[in-house]
Protein chains: 2
Amino acid sequence: MPAYQLYCFAQSGNAYRAALMLNLIGADWKPVFVDFFKGGETRTPKYRAEVNEMGEVPVLVDGAKKLSQSGVILNYLSEKSGKFRPEGEDEKLEALRWIIWDNQKVNGFLGPYRFLKTLSKPPGDPAVLTFLKGRIDNNLGILDKRLSERPFVLGARPTIVDISLVAYPYYPAEEFGFDIPGTYKNIAAWLERMKALPGWKHPYDLMPGHPLPA
Amino acid sequence: MPAYQLYCFAQSGNAYRAALMLNLIGADWKPVFVDFFKGGETRTPKYRAEVNEMGEVPVLVDGAKKLSQSGVILNYLSEKSGKFRPEGEDEKLEALRWIIWDNQKVNGFLGPYRFLKTLSKPPGDPAVLTFLKGRIDNNLGILDKRLSERPFVLGARPTIVDISLVAYPYYPAEEFGFDIPGTYKNIAAWLERMKALPGWKHPYDLMPGHPLPA
């Protein structure tokens, strides 16, 4: 049995962060498919009781440990592997700062935006999409500015902060109805730098469930 | 000069978490008022360049250190004081899990909801309020269930997780248009337990800027 199991599905940028980290550190892992779209599996009482009371992916299983929230999984795997790890108190605090911000304000809005725009039936209300898009533009602007001054979010080398933030921006532009790399040139260059890391894969090649059944 | 300065304003539940922590650990601190409502101060280039590129409160100043994101400030102060600190690797990971979830899904939605409902001019679109309220109800339900089985979020004693999660629920019900403690009985009892801690204060008694000028 592989060392790690990851509850995930291809369309989840949140799960992608954990899957990408596992691949980038060369871990022995396998996905456990969660049928979010057909069965609403994360919302079932069984999933909430046995896998994650928050009703979410990703969940990483490492022996007796079961960890949820991608930010937790990234921290755990970086400490265990020594890879992509922020070093020293100041850098660890700075990493936490960007990871929390990302979860609330970048991928935290990109996920629901894409879902309501393209995946949910019926699609979301236009006013909700406008609200989310306004937040997204503001926050991608902050990230783009940050990346104009350094190759990776914390500085010269890639860390778990980058692996957190790249989550949804690698998904196809047509799923958002706007082109993230086409709009933000520093983000675009950074996505290419991350893509060049050994072990990088696109979310649809890394996790099961793509394409969705018609 | 007090040991800590905290950039904040009374209406920010995010800043309240940091202010409450400082008071609960008995720190010597003073608020630095940020005029969010009149001057949009957090959105100015000056604030972004000199205080926080994310354009947010809270920001904690401790000598040469300047920390933003309440989750970072809570971690930092708990490590420094030894108070409300999760202990051991497993509890630290579990604390991080709930703090990230809170920032995205509980207070991360309560803040914008209350702002759009009551504080912004004009108020937010009803469809946006409905969207946010749906998320809030789901997530407060998860928290209420969690608190049905233990007095504090991680177990027998209060930690920084509780100080993070109580942020907006102490603000007046009329600012939300619904009554959080009145709706969720386990949350209500937990808010009372937190209120009984020495040093607890209501956000409007702890930070400057309330009431807003007419």
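Anything mentioned here points back to the structure above.
Residues numbered from 1 in each chain as written. Chains lettered and ligands numbered in written order. Predicted model: local features only at pLDDT ≥ 70, side-chain atom pairs only at ≥ 80, totals over all residues.

(A) Focus on the interface of chain B and chain A. Of the residues lining the interface, 23 residues belong to chain B; the matching set on chain A comes to 23 residues. Listing elements by their share of the side of chain B that touches chain A, those giving two or more residues are strand 4 (65-68), helix 4 (70-81), helix 5 (88-119) and helix 6 (126-147) of chain B. In terms of residue count, helix 5 of chain B provides more of the side of chain B that touches chain A than any other element does, eight residues in total. Looking at side-chain class alone, the side of chain B that touches chain A contains 12 nonpolar, seven polar and four charged residues. (Contact = placed C-beta atoms within 7 Å. Helix = DSSP H or I, 4+ residues; strand = E, 2+ residues; numbered from the N terminus. Nonpolar A, V, L, I, M, F, W, Y, C, P; charged D, E, K, R; others polar.)

(B) Layout of the relation of the copies chain B and chain A. Relative to chain A, chain B is turned by 180° and slid 0.0 Å along the rotation axis, the superposed coordinates differing by an RMSD of 0.0 Å. In symmetry terms, the pair is related by a two-fold rotation axis. For chain B, the residue whose C-alpha comes nearest the rotation axis is glutamine 104 of chain B, separated from it by 2.1 Å. Taken together, the interface assignments show that 100% of the residues at the interface of chain B recur at the interface of chain A, consistent with an identical surface on both copies. (Least-squares fit on C-alpha atoms with pLDDT ≥ 70 in both.)

(C) Structural context of the nonpolar core. Within the largest apolar cluster, 121 residues are counted, with the highest numbers of intra-cluster contacts made by Ala19 of chain A together with Ala19 and Met21 of chain B. Those residues in contact with alanine 19 of chain B, other than ones at most four positions away along the chain, are Leu6, Cys8, Pro31, Leu206 and Met207 of chain B. (Core = buried A, V, L, I, M, F, W, Y, C linked by C-beta atoms within 7 Å. Buried ≥ 20, exposed ≤ 12 C-beta atoms within 10 Å, placed from the backbone.)

(D) Expanded view of the environment of glycine 40 of chain A. By the element assignment, glycine 40 of chain A lies in the loop between helix 2 (36-39) and helix 3 (45-50). C-alpha of glycine 40 of chain A to C-alpha of glycine 55 of chain A: the two residues are 15 residues apart in sequence and 9.9 Å apart in space.

(E) Representation of the sheet that holds strand 2 (residues 29-33) of chain A. Residues and elements named next belong to chain A. The strand order across the open sheet built from four strands is 2-1-3-4, with neighbouring strands paired in mixed fashion. If you trace the sheet from one side to the other, it starts and ends with strand 2 and strand 4 (65-68), each paired once. Ignoring which end each strand starts from, the neighbouring axes of this sheet average 20° apart. Pairing analysis gives three bridges linking strand 1 (residues 4-8) to strand 3 (residues 59-62), with the strands arranged antiparallel. Note on strand 3: the bridge partner recorded for glutamine 5 is valine 61. Sheet contacts for helix 1 (residues 13-24): strand 1, strand 2 and strand 3; angle to strand 1, the most-contacted strand, approximately 155°. (Pairing = 2+ DSSP bridges. Axes fitted to C-alpha atoms, helices over the stretch in contact; angles between N-to-C directions.)

(F) Structural view of the environment of glutamate 149 of chain A. Its location among the elements puts glutamate 149 of chain A in the loop between helix 7 (126-147) and helix 8 (160-165). Considered as a pair, glutamate 149 of chain A and asparagine 186 of chain A are 37 residues apart in the sequence and their alpha carbons are 9.1 Å apart.

(G) Spatial organisation of the packing of helix 5 (residues 88-105) of chain A against helix 5 of chain B. At a minimum axis distance of 8 Å, the contact between helix 5 of chain A and helix 5 of chain B shows a crossing angle of 35°. Where helix 5 of chain A crosses over helix 5 of chain B, the two elements pack in a sense that is right-handed. In this structure, helix 5 of chain A contributes Ile100, Asn103 and Gln104 of chain A to the contact, and helix 5 of chain B contributes Ile100, Asn103, Gln104 and Gly108 of chain B. (Left-handed = near helix turned anticlockwise from the far one by under 90°.)

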